[in-house]
Protein chains: 2
Amino acid sequence: MSKFEQKSPNKDHFLYSFLNPRSMAIFGANNNLLSTMGSMQLRNIITGKGIEEIFPVHPRLEKVQGFKAYKSVFDIPVTPDFAFLILPPKAVIDVMEECGQKGIKHLLITSGGFREIGSEGINLSNKLDKLAKKYNIRFIGPNCLGFYNAWYGYPEKKDAYINTFWPYMIPERGNISLISQSGTIAAQTFWHAKELGVKISKSISVGNERNIDLVDFLEYFKNDDQTEVIGLYIEEVKRGKEFIKIAKDITPKKPIVAMYAGGTKAASRSIMSHTGSIGGSNKMMKAVFNTTGIFHTDSIIEFLHYLRTFSAAQKYNIFPNGKRIGIITDSGGSGSMMAKTAELNGLIVPEFSSELKKSIFEIIPPTASAINPIDVTFDVNFVNLLYKIPKIVMKSGEVNAIIVYGVFDFDEVLDTMENSGMILDDKMKDIKMMIDNAVLKPIKRLMKKYSIPVFYAGPFPYKYPWFQKFLSYDIPIFELWDLPTKCLKILCQYSEYRRNRLTLFASP
Amino acid sequence: MSKFEQKSPNKDHFLYSFLNPRSMAIFGANNNLLSTMGSMQLRNIITGKGIEEIFPVHPRLEKVQGFKAYKSVFDIPVTPDFAFLILPPKAVIDVMEECGQKGIKHLLITSGGFREIGSEGINLSNKLDKLAKKYNIRFIGPNCLGFYNAWYGYPEKKDAYINTFWPYMIPERGNISLISQSGTIAAQTFWHAKELGVKISKSISVGNERNIDLVDFLEYFKNDDQTEVIGLYIEEVKRGKEFIKIAKDITPKKPIVAMYAGGTKAASRSIMSHTGSIGGSNKMMKAVFNTTGIFHTDSIIEFLHYLRTFSAAQKYNIFPNGKRIGIITDSGGSGSMMAKTAELNGLIVPEFSSELKKSIFEIIPPTASAINPIDVTFDVNFVNLLYKIPKIVMKSGEVNAIIVYGVFDFDEVLDTMENSGMILDDKMKDIKMMIDNAVLKPIKRLMKKYSIPVFYAGPFPYKYPWFQKFLSYDIPIFELWDLPTKCLKILCQYSEYRRNRLTLFASP
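Residues numbered from 1 in each chain as written. Chains lettered and ligands numbered in written order. Predicted model: local features only at pLDDT ≥ 70, side-chain atom pairs only at ≥ 80, totals over all residues. Heavy atoms only, no water.

*Asks:* I keep staring at a positive patch on the surface and nothing clicks. Help me out?
*Replies:* Residue and element names in this part refer to chain B. A grouping of Lys388, Lys391, Lys395 and Lys449 is seen on the molecular surface, where their side chains present a positively charged patch. Broken down by element, the positive patch gets its largest block of residues, three residues, from helix H14 (residues 382-396). Residue placement: Lys388 occurs in helix H14. (Patch = residues over 30% accessible without salt bridge, like charges linked within 9 Å, V, L, I, M, F, W, Y side chains within 5 Å. Areas by Shrake-Rupley, 256 points an atom, 1.4 Å probe, with all protein chains shown as cover. Salt bridge = Lys/Arg side-chain N within 4 Å of Asp/Glu carboxyl O. Lys, Arg positive; Asp, Glu negative; His and termini not counted. Charge placed at Lys NZ, Arg CZ, Asp CG, Glu CD. Helix = DSSP H or I, 4+ residues; strand = E, 2+ residues; numbered from the N terminus.)

*Asks:* Sorry if this is basic, but what is going on with the interface of chain B and chain A here?
*Replies:* One frequently used descriptor of interface size is the decrease in accessible area upon assembly of the parts. Across the boundary between the two partners, chain B contributes 85 residues, which contact 86 residues of chain A. For the chain B and chain A pair, buried surface summed over both sides reaches about 7,100 Å², with 66% attributable to carbon and sulfur atoms. Area buried by chain B at its contact with chain A is led by Leu34, Arg269 and Lys340 of chain B, which between them contribute 10% of it. Our count for the contact surface shared by chain B and chain A stands at four salt bridges. For the interface between chain B and chain A, the tally reads 30 residue pairs in polar contact (both at pLDDT 80 or more). Element by element, the count of residues in the side of chain B that touches chain A is highest for helix H12 (residues 332-344) of chain B, at 10 residues. A class-by-class count of the residues in the side of chain B that touches chain A yields 43 nonpolar, 26 polar and 16 charged. (Contact = heavy atoms within 4.5 Å. Buried area = accessible area lost by both parts, 1.4 Å probe. Polar contact = N/O pair within 3.5 Å; in protein donor to acceptor, adjacent residues only side chain to side chain. Nonpolar A, V, L, I, M, F, W, Y, C, P; charged D, E, K, R; others polar.)

*Asks:* I would appreciate a short explanation of empty space enclosed by the protein in the present structure.
*Replies:* To locate leftover empty space, one rolls a probe as large as a water molecule over the atoms. By the definition in use, this model includes six cavities of 30 Å³ or more. By volume, the largest cavity amounts to about 510 Å³. In this structure, the largest cavity is lined by 28 residues; those nearest its centre are Ile301 and Leu483 of chain A together with Ile301, Glu479 and Leu483 of chain B. Elements with a minimum of two residues in the lining of the largest cavity: helix H6 (190-196), helix H11 (300-316), strand E20 (477-479) and helix H18 (483-506) of chain A together with helix H6 (190-196), helix H11 (300-316), strand E20 (477-479) and helix H18 (483-506) of chain B. Residues that form the lining of the largest cavity fall into these classes: 12 nonpolar, six polar and 10 charged. (1 Å grid on protein atoms, 1.4 Å probe; cavity = no way out; pocket = protein on both sides within 12 Å on 5 of 7 lines; lining within 4 Å. Points joined across faces, edges and corners; volume = space filled by probe spheres on them.)

*Asks:* Help me understand the sheet that holds strand E17 (residues 374-375) of chain A, please; the structure alone is not making it clear to me.
*Replies:* Hydrogen bonding along the main chain pairs the strands of a sheet, whether they run parallel or antiparallel. Residue and element names in this part refer to chain A. An order of E16-E17-E15-E18-E19-E20 is seen for the six strands of this open sheet, with the pairing classed as mixed. The sheet is open, and its two borders are formed by strand E16 (369-370) and E20, each paired with just one other strand. Here five bridges tie strand E15 (residues 325-329) to strand E18 (residues 401-405), and the two strands are oriented parallel to one another. Each bridged residue has a counterpart across the sheet, and for Ile328 the counterpart in E18 is Val404. (Pairing = 2+ DSSP bridges.)

*Asks:* How should the pairing of strand E12 (residues 229-234) of chain A be read in this particular structure?
*Replies:* All names here are of chain A. With respect to burial, E12 is a largely interior element, six of its six residues being buried. Because side chains alternate across E12, one face comprises the buried residues Val229, Gly231 and Tyr233, and the other comprises Ile230, Leu232 and Ile234, equally buried. Bridge count between strand E10 (residues 173-180) and E12: five bridges; the pairing is parallel. Counterpart to Ile176 in the pairing with E12 is Val229. In this structure, E12 lies alongside strand E13 (residues 256-260), joined through five bridges in parallel fashion. (Buried < 20%, exposed > 50% of the residue type's maximum accessible area, 1.4 Å probe, protein only.)

*Asks:* How should I be thinking about the packing of helix H3 (residues 89-102) of chain B against helix H4 (residues 119-135) of chain B in this particular structure?
*Replies:* Packed helix pairs are specified by the crossing angle of their axes together with the interaxial distance, meaning the distance between the axes. Residue and element names in this part refer to chain B. Their axes nearest at 10 Å, the elements H3 and H4 cross at an angle of 5°. Here H4 runs roughly parallel to H3, going by the angle between their axes. Every residue of H4 that contacts H3 at Pro89, Lys90, Val92, Ile93, Met96, Glu97, Gly100 and Gln101 is listed here: Glu120, Leu124, Lys127, Leu128, Leu131, Ala132, Lys134 and Tyr135. Of the residues that constitute the contact of H3 with H4, the class distribution is nine nonpolar, two polar and five charged. (Axes fitted to C-alpha atoms, helices over the stretch in contact; angles between N-to-C directions. Parallel < 35°, antiparallel > 145°, perpendicular 65-115°, else oblique.)

*Asks:* Please explain the relation of the copies chain B and chain A as it appears in this structure.
*Replies:* The operation relating the pair of chain copies consists of a rotation about an axis and a translation along that axis. Here chain B sits on chain A after a turn of 180° about the axis and a move of 0.0 Å along it, with an RMSD of 0.0 Å. On the angle and the small slide along the axis, the relation comes out as a two-fold axis. Across chain B, the smallest distance between a C-alpha and the rotation axis is recorded for Lys463 of chain B, namely 4.0 Å. An overlap of 100% is found between the interface residues of chain B and their copies at the interface of chain A, pointing to a shared contact surface. (Least-squares fit on C-alpha atoms with pLDDT ≥ 70 in both.)

*Asks:* I keep staring at the pattern of salt bridges and nothing clicks. Help me out?
*Replies:* Once the charged atoms of two side chains with opposite charge are near each other, the side chains can pair. All names here are of chain B. In the structure shown here, the tally under the stated rule is 42 salt bridges over all chains. Notably, a salt bridge pairs Lys134 with Glu97, separated by 3.3 Å at the nearest N-O pair. Of this pair, Lys134 sits in helix H4 while Glu97 sits in helix H3; the two residues are 37 residues apart in sequence, bridging distant segments of the chain. For the salt bridge of Arg210 with Asp129, the shortest nitrogen-to-oxygen distance reads 2.8 Å. Placement of the pair is Arg210 in the loop between strand E11 (200-205) and helix H7 (214-222) and Asp129 in helix H4, with a sequence separation of 81 residues. Residue classification places Arg210 among the partly exposed residues on the basis of a relative accessible area of 28%.

*Asks:* Can you walk me through the side chain of Asn400 of chain B in this structure?
*Replies:* Residues and elements named next belong to chain B. Turning to its location among the elements, Asn400 is positioned in the loop between H14 and strand E18 (401-405). Assessed through its relative accessible area of 8%, Asn400 is described here as buried. At 3.3 Å, the side chain of Asn400 forms a polar contact with the backbone nitrogen of Lys323. Residues contacting Asn400, with those up to four places away along its chain left out, are Pro320, Asn321, Gly322, Lys323, Arg324, Ser451, Ile452 and Pro453.

*Asks:* What is the right way to look at the side chain of Ser72 of chain A in this model?
*Replies:* Residues and elements named next belong to chain A. You can see Ser72 is positioned in the loop between strand E4 (67-68) and strand E5 (82-85). For Ser72, the side chain forms a polar contact with the main-chain nitrogen of Phe74, separated by 2.9 Å. Here Ser72 is in contact with Val57 and Glu98, once residues within four sequence places are set aside.

Dropping the structure here:
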């Protein structure tokens, strides 16, 4: 069991039972998995194998997706931990009243049609508040998709999860938790998270935040050992003071990356109709982010890559001790573009010492270049490119981080050769195997030893087998060369912030 | 045969015979496809089925990849149109001399080790010049990968191509031509080009440009009907005046997108060792791009998407007549983020008229929003989202372009359902078929009719079947929501530029 897997959940917080219910009543699911959102959501909950007892409530059906259905919550033989409501807004009020009478204290209300649709919706929202108070109920939503918990019931349960979203795709389990005022960012990003190796701990769609808001979840994640990186999608911050306080507490130990959707006219209009909130100006939110040490971006692709970058840094404690980077490539163009964007991003690409250049020249072709960027030119010795040269550069002490461009996908290269009629000998086929022992394991050891992250990149889309192999070792790999320098920039910034703040807090 | 496929090559320019040689001598290829660059290049040339006669020259081998090999160029029974040299730099001089004596006038010299390695290399370069003069030879390179021509021998040959690069992947045939001072941008981008639907006409790696430079190729592409969009990767511009003149001529009719690698210290160092050139400042190059109407970016992913955007606009003559955009989504978060980035990118997201809102509300759920962005919320009626609502918005005249976020991948959804034990009826399976006739064909017609581009986006990576289906119709589709507003920005800018410049040039 790795260090990471021993990490424990935050059992002391009231949200623990929300994220780990043992029994659940569900309203709004049937057997039509193609067009009923609640049915898709129940299907995903069943697939997760987390919940022990599921009680579908349905006015007509005898069975819902294999489970005995009940006409009313009162017919359920026990009091479930949790009720999940996917109902038209007006029906929510009645069902919530009944859940209250039944004694259910934790509700997830995904239904839209509340304050985001105007005065009638606000009336309905007020009714939710009253019922919550009357029955001592806490609820997530309304107007949300619920949550995903990859660590459901851990450590007692080993492989269970709970996914209340309607999309069926889930990424690998990891240390990144998301809190989102949009279900899309919480759930629809999972296809890419899966492909990019963005490994998720929990993902929460908080919706209108009528009863539980993002500050509650920040408090929960602060003490959750299963969460080491936090991603936020924000349309408004309701409790500004509390948000700033908790964020300041968290960021020296757990990096936070945020997207803020507001700040323009059309965006505000969109947000008003989406969650009914009124966002602040871009400038104000940037000030909040800067004060609290939160990284922010308007790009969802950057957001996902930043989270992935911090995830590996946190998991293996690999933080660069400065901004000097080495670039190693088999392609002059990618080297030039990365050198340019590195410098535009405030990183330093130092020219290597003559000693270092000399050691590198011992293993690269005579027409190559070793000044930084190192351009090995066309050279099929991939162990040199991917491991030996990075090792020499790491040992030199002349850089704090390394980017290697030039990852091949030998599986496809070999397949293509075989298909074109060439006979491959065993040595060639060994290339497929060699990568683990000759590159991935030893470079990972060196990254930890020197606290020097090594990012890899290549011309292939993420779907290719070798890319997925790197990701299985949590070694950051990138398609093409846009994102490595951007990710190193924020990693270097965070490392500096963390060093300074941690030192500050450590002093008596 | 479509309008596009009738387009003719630029046969009057000397580069036509370079890109369409009928016979070729090749130096430096053998039978080792795993580690010899020249062998990989010959394999790709053979796969393209373009060249009629291939004459490998090799000191020892009897046969190279199935072709009879010759000990020397003098042994070849005819005078080949073209010679391809993948040899150590010193060997190049002797072979070039022999090619000259043999009467070969067109050479491709991929070998590195010339001016980019310093004084010794410069001497060798001067020798190339002398030999070129002595024998009236034109050559591409040295220090390059050569070229790809998807339209080899067209229209006489229908499906042949020529690919002198070592990577084996080729994208679909199209109207985009690349000229690159890096082989990586010319060749290694093809995996992504294939996946993103960036459809290539020609791609040229010009290397050190000792004899033929990017201005020559710009002149060629200016009059090449098979080229309607041009992409450039620039480390330096050798003939500045000529570059500006030809670029100004081209851009009102064919958009040009450029990446410039220089402008920072480390980038200049990298470029010096890469092609041996000295780049200008970022500021100067930006001024050149602005003067000539060239779009530029430092991002390779943006570069590819911009080219794809212009490709479809050119092919079907769909240019927006203004900057007002409509956003249609089933996901509030993506709508808010696109509204924000649209406005940050200078686009206008107008609130819809009450008339238009009323027509939209006739087909969306009551909890939805129709103000722009239109948020249909969770609604599985994909024909509404993907076709009917865009149609209503197009007819209104209130926008010049549309982005739709919410493309599902029904293939995988249905597969997942079937795998989870659900029995799908024929109607459900029909969804797979319906998309062509219910969405893609009619929306394409409307895009042409109104000159309103419709961009689609969804949560899936490009590899998914529905994404590839959209791309097969040249309908721009994007993974997630970062790039649609960026691409619309440059398309709107170009449309305005084109209208004004074309008007200017049309007046007597």
